[in-house]
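# A structural walkthrough
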Amino acid sequence: MKRPLILIIVVLLSVNHGLLGQTNTADSIKSKNTYPGGTFYKVESIRHFRNCRKPRNIVLMIGDGMGVAQVFAGMTANGGHLYIDNFDRIGFSKTQPSKGYITDSAAGGTAIATGEKTYDGAVGVDTLKKPLENILEIVRKRGFSTGVVVTTEVTDATPASFVAHVPSRYQSEEIAQAFVDSGIDLFIGAGRENFENRNDGKNLIPELAAKGYKVCSSVDEINAVKSGKTGGFLENLPYDKRGDQLAVTTGAALRLLSRNGQGFFLMVEGSKIDSGGHATDMNQEVGEMLDFDRAVGKVLEFAAKDRRTLVVVTADHETGGLSLTGGDMSTGKVTGNFAWGNHTGIMVPVFAYGPGADAFMGIYENTGIFRRFLKVLKIRN
Ligand SMILES: [Zn+2]
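Residues numbered from 1 in each chain as written. Predicted model: local features only at pLDDT ≥ 70, side-chain atom pairs only at ≥ 80, totals over all residues. Heavy atoms only, no water.

Quick look at the overall build of the protein now. Of the regular secondary structure elements, the protein holds 14 helices and 15 strands. Residues counted as buried form 55% of the 381 residues belonging to the protein. Of the contacts formed within the protein by residues at least 6 apart in sequence, a portion of 75% connects residues at least 24 apart. Here the protein has roughly 16000 Å² of accessible surface; of this, 56% comes from carbon and sulfur atoms. In the protein, 43 positive and 40 negative side-chain charges are present, and the distance between their average locations comes to 6 Å. (Helix = DSSP H or I, 4+ residues; strand = E, 2+ residues; numbered from the N terminus. Buried < 20%, exposed > 50% of the residue type's maximum accessible area, 1.4 Å probe, protein only. Contact = heavy atoms within 4.5 Å. Areas by Shrake-Rupley, 256 points an atom, 1.4 Å probe, with all protein chains shown as cover. Lys, Arg positive; Asp, Glu negative; His and termini not counted. Charge placed at Lys NZ, Arg CZ, Asp CG, Glu CD.)

Set out below in C-alpha coordinates:
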(Lines give C-alpha, C1' and ligand atoms only; values in the text may rest on other atoms or scores of the structure.)
Protein backbone atom coordinates (compact mmCIF):
# COMPACT_ATOMS: atom_id res chain seq x y z
CA MET A 1 0.00 0.00 0.00
CA LYS A 2 2.76 2.38 1.05
CA ARG A 3 4.75 2.14 -2.24
CA PRO A 4 1.91 3.19 -4.65
CA LEU A 5 1.22 6.11 -2.26
CA ILE A 6 4.85 7.28 -2.41
CA LEU A 7 4.76 6.84 -6.14
CA ILE A 8 1.65 9.03 -6.39
CA ILE A 9 3.28 11.67 -4.19
CA VAL A 10 6.46 11.63 -6.31
CA VAL A 11 4.46 11.96 -9.53
CA LEU A 12 2.36 14.76 -8.07
CA LEU A 13 5.48 16.58 -6.87
CA SER A 14 7.25 16.36 -10.21
CA VAL A 15 4.15 17.51 -12.10
CA ASN A 16 3.77 20.34 -9.66
CA HIS A 17 7.46 21.20 -9.86
CA GLY A 18 7.18 21.16 -13.61
CA LEU A 19 4.14 23.34 -13.34
CA LEU A 20 5.88 25.35 -10.67
CA GLY A 21 8.91 25.46 -12.87
CA GLN A 22 6.70 26.54 -15.70
CA THR A 23 4.91 28.98 -13.49
CA ASN A 24 8.31 30.14 -12.20
CA THR A 25 9.55 30.71 -15.76
CA ALA A 26 6.22 32.33 -16.67
CA ASP A 27 6.49 34.43 -13.48
CA SER A 28 10.07 35.44 -14.25
CA ILE A 29 9.12 36.43 -17.81
CA LYS A 30 6.08 38.28 -16.40
CA SER A 31 8.28 40.07 -13.86
CA LYS A 32 10.93 40.87 -16.50
CA ASN A 33 8.20 42.37 -18.72
CA THR A 34 6.64 44.45 -15.99
CA TYR A 35 8.02 47.34 -14.00
CA PRO A 36 5.74 47.21 -10.94
CA GLY A 37 5.72 50.94 -10.28
CA GLY A 38 7.50 52.89 -7.58
CA THR A 39 8.00 56.31 -6.05
CA PHE A 40 7.82 59.27 -8.42
CA TYR A 41 10.36 62.10 -8.47
CA LYS A 42 9.23 65.69 -9.01
CA VAL A 43 9.92 67.10 -12.44
CA GLU A 44 10.54 70.85 -12.52
CA SER A 45 9.31 72.73 -15.54
CA ILE A 46 12.22 74.54 -17.12
CA ARG A 47 11.87 78.11 -18.39
CA HIS A 48 12.14 78.55 -22.14
CA PHE A 49 13.60 81.70 -23.59
CA ARG A 50 13.95 82.87 -27.15
CA ASN A 51 17.42 83.78 -28.21
CA CYS A 52 19.11 83.19 -31.44
CA ARG A 53 22.58 83.88 -30.17
CA LYS A 54 25.28 81.30 -30.84
CA PRO A 55 25.55 78.73 -28.01
CA ARG A 56 28.70 79.06 -25.91
CA ASN A 57 28.37 75.54 -24.49
CA ILE A 58 26.93 72.30 -25.83
CA VAL A 59 25.81 69.31 -23.78
CA LEU A 60 25.08 66.22 -25.87
CA MET A 61 23.28 63.47 -23.95
CA ILE A 62 23.07 59.99 -25.49
CA GLY A 63 20.66 57.41 -24.12
CA ASP A 64 22.30 54.24 -25.48
CA GLY A 65 19.48 52.06 -26.84
CA MET A 66 16.83 54.70 -26.02
CA GLY A 67 13.89 54.68 -28.42
CA VAL A 68 10.56 56.48 -27.98
CA ALA A 69 9.14 53.41 -26.18
CA GLN A 70 11.93 53.55 -23.60
CA VAL A 71 11.25 57.27 -23.05
CA PHE A 72 7.52 56.68 -22.61
CA ALA A 73 8.10 53.67 -20.34
CA GLY A 74 10.07 56.05 -18.13
CA MET A 75 7.32 58.67 -18.34
CA THR A 76 4.71 56.12 -17.29
CA ALA A 77 6.93 54.86 -14.48
CA ASN A 78 7.30 58.40 -13.12
CA GLY A 79 3.59 59.13 -13.03
CA GLY A 80 3.38 60.62 -16.52
CA HIS A 81 6.23 63.13 -16.46
CA LEU A 82 9.97 63.27 -17.14
CA TYR A 83 12.42 66.15 -17.41
CA ILE A 84 12.44 65.23 -21.11
CA ASP A 85 8.88 66.66 -21.23
CA ASN A 86 10.52 70.09 -21.10
CA PHE A 87 11.86 69.88 -24.66
CA ASP A 88 9.79 71.53 -27.37
CA ARG A 89 12.30 71.28 -30.19
CA ILE A 90 12.10 67.67 -31.41
CA GLY A 91 13.43 65.75 -34.40
CA PHE A 92 14.27 62.20 -35.47
CA SER A 93 17.63 60.65 -36.35
CA LYS A 94 18.07 57.76 -38.80
CA THR A 95 20.62 55.37 -37.35
CA GLN A 96 21.70 53.10 -40.22
CA PRO A 97 25.48 52.43 -40.50
CA SER A 98 27.43 52.69 -43.77
CA LYS A 99 26.33 49.17 -44.68
CA GLY A 100 23.27 47.29 -43.44
CA TYR A 101 20.14 48.32 -41.55
CA ILE A 102 21.12 48.05 -37.87
CA THR A 103 23.97 49.89 -36.20
CA ASP A 104 26.11 49.12 -33.20
CA SER A 105 27.15 51.81 -30.73
CA ALA A 106 30.57 52.33 -32.34
CA ALA A 107 29.24 53.18 -35.82
CA GLY A 108 26.34 55.10 -34.25
CA GLY A 109 28.62 57.08 -31.93
CA THR A 110 31.12 57.75 -34.72
CA ALA A 111 28.38 59.08 -37.02
CA ILE A 112 27.22 61.56 -34.35
CA ALA A 113 30.77 62.52 -33.30
CA THR A 114 32.27 62.93 -36.81
CA GLY A 115 29.40 63.32 -39.28
CA GLU A 116 30.42 60.21 -41.25
CA LYS A 117 28.67 56.86 -41.64
CA THR A 118 30.98 53.90 -41.03
CA TYR A 119 30.93 50.16 -40.36
CA ASP A 120 29.76 48.44 -37.16
CA GLY A 121 32.64 48.27 -34.69
CA ALA A 122 34.51 51.29 -36.09
CA VAL A 123 35.59 53.96 -33.57
CA GLY A 124 36.35 57.37 -35.08
CA VAL A 125 37.45 55.93 -38.45
CA ASP A 126 35.79 55.74 -41.87
CA THR A 127 35.07 52.69 -44.00
CA LEU A 128 38.71 52.73 -45.14
CA LYS A 129 39.81 52.87 -41.47
CA LYS A 130 41.08 56.41 -41.89
CA PRO A 131 40.74 58.67 -38.79
CA LEU A 132 37.81 61.09 -38.82
CA GLU A 133 38.12 64.37 -36.91
CA ASN A 134 35.51 64.44 -34.14
CA ILE A 135 33.50 67.32 -32.67
CA LEU A 136 35.59 67.40 -29.45
CA GLU A 137 38.81 67.80 -31.47
CA ILE A 138 37.22 70.52 -33.63
CA VAL A 139 35.96 72.64 -30.72
CA ARG A 140 39.10 72.03 -28.63
CA LYS A 141 41.07 73.78 -31.38
CA ARG A 142 38.76 76.75 -30.79
CA GLY A 143 39.51 76.97 -27.08
CA PHE A 144 36.58 74.92 -25.77
CA SER A 145 36.94 72.59 -22.81
CA THR A 146 35.76 69.07 -23.47
CA GLY A 147 34.53 66.12 -21.44
CA VAL A 148 32.68 62.81 -21.31
CA VAL A 149 30.66 61.31 -18.45
CA VAL A 150 29.27 57.75 -18.75
CA THR A 151 27.84 54.89 -16.68
CA THR A 152 30.00 52.22 -18.33
CA GLU A 153 33.74 52.02 -19.19
CA VAL A 154 35.03 55.29 -20.63
CA THR A 155 36.73 53.10 -23.23
CA ASP A 156 33.37 51.69 -24.36
CA ALA A 157 32.12 52.29 -27.92
CA THR A 158 30.11 55.50 -27.47
CA PRO A 159 32.54 57.60 -25.36
CA ALA A 160 35.47 56.18 -27.37
CA SER A 161 33.85 57.53 -30.57
CA PHE A 162 34.34 61.07 -29.21
CA VAL A 163 38.02 60.53 -28.35
CA ALA A 164 39.80 57.71 -30.23
CA HIS A 165 40.45 56.56 -33.79
CA VAL A 166 40.78 52.76 -33.96
CA PRO A 167 39.39 50.21 -36.44
CA SER A 168 37.81 48.09 -33.66
CA ARG A 169 35.81 49.01 -30.57
CA TYR A 170 37.49 46.13 -28.74
CA GLN A 171 40.92 47.81 -28.79
CA SER A 172 40.32 49.04 -25.24
CA GLU A 173 43.99 49.62 -24.44
CA GLU A 174 44.57 51.73 -27.56
CA ILE A 175 41.40 53.66 -26.72
CA ALA A 176 42.68 54.28 -23.18
CA GLN A 177 45.96 55.58 -24.64
CA ALA A 178 43.93 57.89 -26.89
CA PHE A 179 42.28 59.39 -23.79
CA VAL A 180 45.72 60.20 -22.37
CA ASP A 181 46.91 61.73 -25.66
CA SER A 182 43.68 63.54 -26.62
CA GLY A 183 43.89 66.59 -24.38
CA ILE A 184 40.35 65.99 -23.11
CA ASP A 185 39.72 68.04 -19.95
CA LEU A 186 37.47 65.65 -18.09
CA PHE A 187 36.35 62.04 -18.26
CA ILE A 188 34.30 60.10 -15.71
CA GLY A 189 33.28 56.45 -15.84
CA ALA A 190 34.53 52.90 -15.28
CA GLY A 191 37.31 51.04 -17.07
CA ARG A 192 40.37 51.91 -14.97
CA GLU A 193 41.76 48.45 -15.79
CA ASN A 194 42.35 49.50 -19.41
CA PHE A 195 44.65 52.25 -18.14
CA GLU A 196 46.40 50.28 -15.40
CA ASN A 197 46.38 46.47 -15.86
CA ARG A 198 47.44 46.38 -19.44
CA ASN A 199 48.86 43.67 -21.69
CA ASP A 200 51.60 46.05 -22.82
CA GLY A 201 52.68 46.37 -19.18
CA LYS A 202 52.29 50.15 -19.28
CA ASN A 203 50.49 52.02 -16.50
CA LEU A 204 48.79 55.14 -17.85
CA ILE A 205 47.74 56.52 -14.46
CA PRO A 206 51.14 58.18 -13.75
CA GLU A 207 51.08 59.50 -17.35
CA LEU A 208 47.72 61.14 -16.64
CA ALA A 209 49.02 62.66 -13.41
CA ALA A 210 52.12 63.90 -15.24
CA LYS A 211 49.81 65.66 -17.70
CA GLY A 212 48.11 67.44 -14.82
CA TYR A 213 45.02 65.27 -14.41
CA LYS A 214 43.59 64.84 -10.96
CA VAL A 215 42.97 61.10 -11.00
CA CYS A 216 39.96 60.34 -8.79
CA SER A 217 38.57 57.03 -7.55
CA SER A 218 35.26 58.13 -6.03
CA VAL A 219 32.41 60.59 -6.52
CA ASP A 220 33.55 62.43 -3.38
CA GLU A 221 37.04 62.89 -4.80
CA ILE A 222 35.55 64.21 -8.05
CA ASN A 223 33.34 66.63 -6.11
CA ALA A 224 36.39 67.85 -4.23
CA VAL A 225 38.22 68.86 -7.42
CA LYS A 226 38.25 72.65 -7.62
CA SER A 227 39.58 73.10 -11.14
CA GLY A 228 41.78 71.60 -13.84
CA LYS A 229 41.89 68.36 -15.79
CA THR A 230 40.06 65.47 -14.14
CA GLY A 231 40.05 61.70 -14.71
CA GLY A 232 37.37 60.05 -12.58
CA PHE A 233 37.40 56.25 -12.39
CA LEU A 234 34.31 54.72 -10.80
CA GLU A 235 32.93 51.20 -10.50
CA ASN A 236 30.89 49.76 -13.36
CA LEU A 237 27.54 49.42 -11.56
CA PRO A 238 23.89 48.93 -12.63
CA TYR A 239 21.31 51.66 -11.84
CA ASP A 240 20.07 50.00 -8.64
CA LYS A 241 23.59 50.09 -7.13
CA ARG A 242 24.74 53.46 -8.50
CA GLY A 243 22.42 55.83 -6.64
CA ASP A 244 22.36 59.23 -8.37
CA GLN A 245 25.95 58.91 -9.59
CA LEU A 246 25.18 60.00 -13.15
CA ALA A 247 23.34 63.18 -12.13
CA VAL A 248 26.01 64.04 -9.53
CA THR A 249 29.01 63.44 -11.81
CA THR A 250 27.28 65.32 -14.62
CA GLY A 251 26.85 68.23 -12.20
CA ALA A 252 30.56 68.05 -11.34
CA ALA A 253 31.46 68.10 -15.04
CA LEU A 254 29.27 71.17 -15.65
CA ARG A 255 30.85 72.93 -12.67
CA LEU A 256 34.42 72.21 -13.80
CA LEU A 257 34.03 72.73 -17.56
CA SER A 258 31.98 75.92 -17.22
CA ARG A 259 35.03 77.56 -15.65
CA ASN A 260 36.18 78.04 -19.24
CA GLY A 261 34.51 81.25 -20.44
CA GLN A 262 35.29 80.34 -24.05
CA GLY A 263 32.86 77.43 -23.85
CA PHE A 264 32.69 73.67 -23.43
CA PHE A 265 31.38 70.54 -25.10
CA LEU A 266 30.26 67.74 -22.78
CA MET A 267 28.99 64.29 -23.85
CA VAL A 268 26.94 62.46 -21.21
CA GLU A 269 25.84 58.88 -21.83
CA GLY A 270 23.10 56.86 -20.18
CA SER A 271 25.04 53.80 -21.24
CA LYS A 272 22.95 51.02 -19.75
CA ILE A 273 19.49 51.66 -21.14
CA ASP A 274 20.96 49.48 -23.86
CA SER A 275 21.73 46.68 -21.37
CA GLY A 276 18.09 46.63 -20.31
CA GLY A 277 17.10 46.08 -23.95
CA HIS A 278 19.70 43.36 -24.46
CA ALA A 279 18.42 41.68 -21.28
CA THR A 280 14.77 42.27 -22.39
CA ASP A 281 14.20 43.41 -18.81
CA MET A 282 11.68 46.20 -18.14
CA ASN A 283 12.98 46.87 -14.64
CA GLN A 284 16.46 47.56 -15.97
CA GLU A 285 15.07 49.56 -18.89
CA VAL A 286 12.95 51.78 -16.66
CA GLY A 287 15.58 52.07 -13.91
CA GLU A 288 18.24 53.22 -16.36
CA MET A 289 15.82 55.50 -18.23
CA LEU A 290 14.82 57.31 -15.02
CA ASP A 291 18.46 57.59 -13.95
CA PHE A 292 19.29 59.18 -17.33
CA ASP A 293 16.31 61.53 -17.10
CA ARG A 294 17.46 62.82 -13.73
CA ALA A 295 20.80 63.70 -15.34
CA VAL A 296 18.86 65.46 -18.12
CA GLY A 297 17.15 67.46 -15.36
CA LYS A 298 20.53 68.49 -13.93
CA VAL A 299 21.69 69.71 -17.33
CA LEU A 300 18.45 71.57 -18.11
CA GLU A 301 18.59 73.37 -14.77
CA PHE A 302 22.14 74.46 -15.57
CA ALA A 303 21.19 75.54 -19.11
CA ALA A 304 18.12 77.48 -17.92
CA LYS A 305 20.38 79.52 -15.61
CA ASP A 306 23.28 79.85 -18.04
CA ARG A 307 21.13 80.67 -21.10
CA ARG A 308 24.09 80.15 -23.45
CA THR A 309 23.99 76.35 -23.39
CA LEU A 310 22.51 74.14 -26.11
CA VAL A 311 21.27 70.78 -24.78
CA VAL A 312 20.68 67.90 -27.21
CA VAL A 313 19.31 64.55 -25.98
CA THR A 314 19.23 61.61 -28.41
CA ALA A 315 20.20 57.96 -28.87
CA ASP A 316 22.63 56.04 -31.04
CA HIS A 317 19.96 53.37 -31.74
CA GLU A 318 17.03 51.56 -30.06
CA THR A 319 17.58 48.21 -28.34
CA GLY A 320 15.08 45.37 -27.89
CA GLY A 321 12.28 46.43 -30.21
CA LEU A 322 10.30 47.48 -27.15
CA SER A 323 6.51 47.93 -27.36
CA LEU A 324 4.44 49.02 -24.39
CA THR A 325 1.46 46.75 -23.83
CA GLY A 326 0.13 48.14 -20.57
CA GLY A 327 0.64 50.82 -17.98
CA ASP A 328 -0.86 52.85 -15.18
CA MET A 329 0.29 56.45 -14.61
CA SER A 330 -1.20 56.49 -11.10
CA THR A 331 1.04 53.65 -9.88
CA GLY A 332 3.84 53.86 -12.44
CA LYS A 333 3.35 50.24 -13.42
CA VAL A 334 4.32 49.57 -17.03
CA THR A 335 4.42 46.38 -19.09
CA GLY A 336 6.34 45.91 -22.27
CA ASN A 337 7.19 43.31 -24.89
CA PHE A 338 10.57 43.01 -26.56
CA ALA A 339 10.93 41.85 -30.15
CA TRP A 340 14.38 40.47 -29.30
CA GLY A 341 17.53 41.21 -27.27
CA ASN A 342 19.40 43.15 -29.97
CA HIS A 343 19.52 46.59 -31.55
CA THR A 344 16.84 47.62 -34.03
CA GLY A 345 16.84 49.89 -37.06
CA ILE A 346 14.08 52.25 -36.00
CA MET A 347 14.75 56.04 -36.07
CA VAL A 348 15.32 57.63 -32.66
CA PRO A 349 14.22 60.94 -31.15
CA VAL A 350 16.33 64.09 -30.88
CA PHE A 351 15.32 66.59 -28.19
CA ALA A 352 16.87 70.08 -28.17
CA TYR A 353 16.79 73.06 -25.80
CA GLY A 354 18.50 76.46 -25.72
CA PRO A 355 20.29 78.63 -28.31
CA GLY A 356 20.36 76.82 -31.68
CA ALA A 357 17.76 74.24 -30.69
CA ASP A 358 15.58 75.00 -33.73
CA ALA A 359 18.20 73.43 -35.98
CA PHE A 360 17.46 69.98 -34.53
CA MET A 361 13.84 69.74 -35.66
CA GLY A 362 12.99 67.53 -38.64
CA ILE A 363 14.06 64.06 -39.76
CA TYR A 364 17.68 63.52 -40.79
CA GLU A 365 20.57 61.06 -40.70
CA ASN A 366 22.52 60.62 -37.44
CA THR A 367 25.45 62.30 -39.21
CA GLY A 368 23.23 65.40 -39.40
CA ILE A 369 23.56 65.89 -35.63
CA PHE A 370 27.29 66.61 -36.07
CA ARG A 371 26.56 68.98 -38.99
CA ARG A 372 24.00 70.86 -36.93
CA PHE A 373 26.56 71.36 -34.13
CA LEU A 374 28.94 72.93 -36.64
CA LYS A 375 26.12 75.06 -38.06
CA VAL A 376 24.95 76.49 -34.72
CA LEU A 377 28.58 77.09 -33.67
CA LYS A 378 29.13 78.79 -37.01
CA ILE A 379 32.12 76.53 -37.67
CA ARG A 380 33.13 75.84 -41.26
CA ASN A 381 34.91 72.53 -41.37
ZN1 LIG B 1 23.87 47.53 -27.46
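So much for the structure itself; the text now carries on.
Turning our eyes to something else, we now look at unusual backbone geometry. A positive phi is found at Lys 129, a non-glycine position, where the angle reads about 65 degrees. Looking at the element boundaries, Lys 129 is found in the loop between α3 (105-114) and α4 (135-140). Within the chain, Thr 280 stands out as a residue other than glycine whose phi angle is a positive 45 degrees. Looking at Thr 280, the relative accessible area reads 22%, which means it is partly exposed.

Bringing helix α11 (residues 245-257) into the picture now. Between its first and last C-alpha, α11 extends 18 Å over 13 residues, near the 18 Å set by a 1.5 Å rise per residue. The element α11 is extensively covered by neighbouring structure, given that 11 of its 13 residues are classed as buried. Those residues of α11 that sit buried are Gln 245, Leu 246, Ala 247, Thr 249, Thr 250, Gly 251, Ala 252, Ala 253, Leu 254, Leu 256 and Leu 257. (Expected span 1.5 Å × (residues − 1).)

Here helix α6 (residues 172-182) lies mainly inside the structure; 8 of its 11 residues are buried. Residues of α6 that are buried include every one of Glu 173, Ile 175, Ala 176, Gln 177, Ala 178, Phe 179, Val 180 and Ser 182, and no others. Against α4, β4 (145-153), α5 (157-161), β5 (186-190), α7 (193-196) and α8 (204-210) lie the buried residues of α6.

Pairing in this open sheet of 10 strands is mixed, and the strands run β6-β7-β5-β4-β8-β2-β9-β14-β3-β15 from one edge to the other. Of all strands in the sheet, those with a lone pairing partner are β6 (214-216) and β15 (362-365), marking the two edges. When the angles between neighbouring strand axes are averaged without regard to direction, this sheet yields 15 degrees. Pairing of β6 with strand β7 (residues 230-233) involves 3 bridges; the strand directions are parallel. Directly across from Val 215, in β7, lies its bridge partner Gly 231. Running over the sheet, helix α14 (residues 367-376) touches β2 (57-63), β3 (89-94), β8 (264-270), β9 (309-314), β14 (348-353) and β15 and is turned about 110 degrees from β15. (Pairing = 2+ DSSP bridges. Axes fitted to C-alpha atoms, helices over the stretch in contact; angles between N-to-C directions.)

The grouping of Leu 5, Ile 8 and Ile 9 at the surface amounts to a nonpolar patch, some 270 Å² of accessible area in total. Note that Ile 9 resides in helix α1 (residues 2-33). With relative accessibility at 44%, the residue Ile 9 sits in the partly exposed group. (Patch = residues over 30% accessible without salt bridge, like charges linked within 9 Å, V, L, I, M, F, W, Y side chains within 5 Å. Salt bridge = Lys/Arg side-chain N within 4 Å of Asp/Glu carboxyl O.)

Another aspect to go through is the sheet that holds strand β12 (residues 333-338). The sheet built from 3 strands is open, its strands ordered β1-β12-β11 with antiparallel pairing. Across the chains shown, the open sheet's two edge strands, defined by having one partner strand only, are β1 (34-35) and β11 (322-328). Two strands pair when backbone bridges link them, and β11 and β12 are joined in this way by 6 bridges, in the antiparallel orientation. Looking at the pairing, Ser 323 lines up with Asn 337 of β12. Taken strand by strand, helix α2 (residues 68-77) contacts β1, β11 and β12, and its axis lies near 15 degrees from that of β11.

The next subject is the environment of Thr 95. Its location among the elements puts Thr 95 in the loop between β3 and α3. By relative accessible area, which is 0% here, Thr 95 ends up buried. Residues Thr 95 and His 317, 222 residues apart in the sequence, show an inter-C-alpha distance of 6.0 Å. Contact partners of Thr 95, with chain neighbours within four places excluded, come to Thr 103, Lys 117, Asp 316, His 317, Gly 345, Ile 346, Val 348 and Asn 366.

This part covers the pairing of β4. In terms of residue burial, β4 counts as a mostly covered element, since 8 of its 9 residues are buried. Bridging between β4 and β5 involves 4 bridges; their strand directions are parallel. Pairing of Glu 153 across the sheet is with Ala 190, part of β5.

Attention now moves to the nonpolar core. Met 61, Ile 84, Phe 87, Leu 266, Phe 292, Val 296 and Val 313 are the most contacted members of the largest nonpolar core, which has 53 residues in total. Ranked by the residues each element gives to this core, the list is headed by helix α13 (residues 282-306), at 11 residues. Among the nonpolar cores identified, the runner-up in size contains 51 residues, and Ile 62, Val 154, Ile 205 and Met 267 belong to it. (Core = buried A, V, L, I, M, F, W, Y, C linked by side-chain atoms within 4.5 Å.)

With that settled, the discussion passes to the packing of aromatic side chains. What the rule picks out here adds up to 12 aromatic pairs. Residues Tyr 41 and Tyr 83 carry aromatic rings whose centres are separated by 6.4 Å and whose planes lie at 15 degrees to one another, so their mutual orientation is stacked. Here Tyr 41, found in the loop between β1 and β2, pairs with Tyr 83, found in the loop between α2 and β3; they are 42 residues apart in sequence, far enough to count as distant. There is no split in this pair, since Tyr 41 and Tyr 83 are both buried. The interplanar angle of 10 degrees and the centroid separation of 5.8 Å between the aromatic rings of Phe 187 and Phe 195 together place this pair among those described as stacked. Among the aromatic residues, ring-to-ring pairing joins Phe 179, Phe 187, Phe 195, Tyr 213 and Phe 233 into one connected group. The positively charged end of Arg 307 is found above the aromatic ring belonging to Phe 49, 4.5 Å away from the centroid. A cation over a ring is seen here: Arg 372 above Tyr 364, with NZ or CZ 3.7 Å from the ring centre. (Phe/Tyr/Trp six-rings, centres within 6.5 Å; stacked < 30°, edge-to-face > 60°. Lys NZ or Arg CZ within 6 Å of the ring centre and 35° of its normal.)

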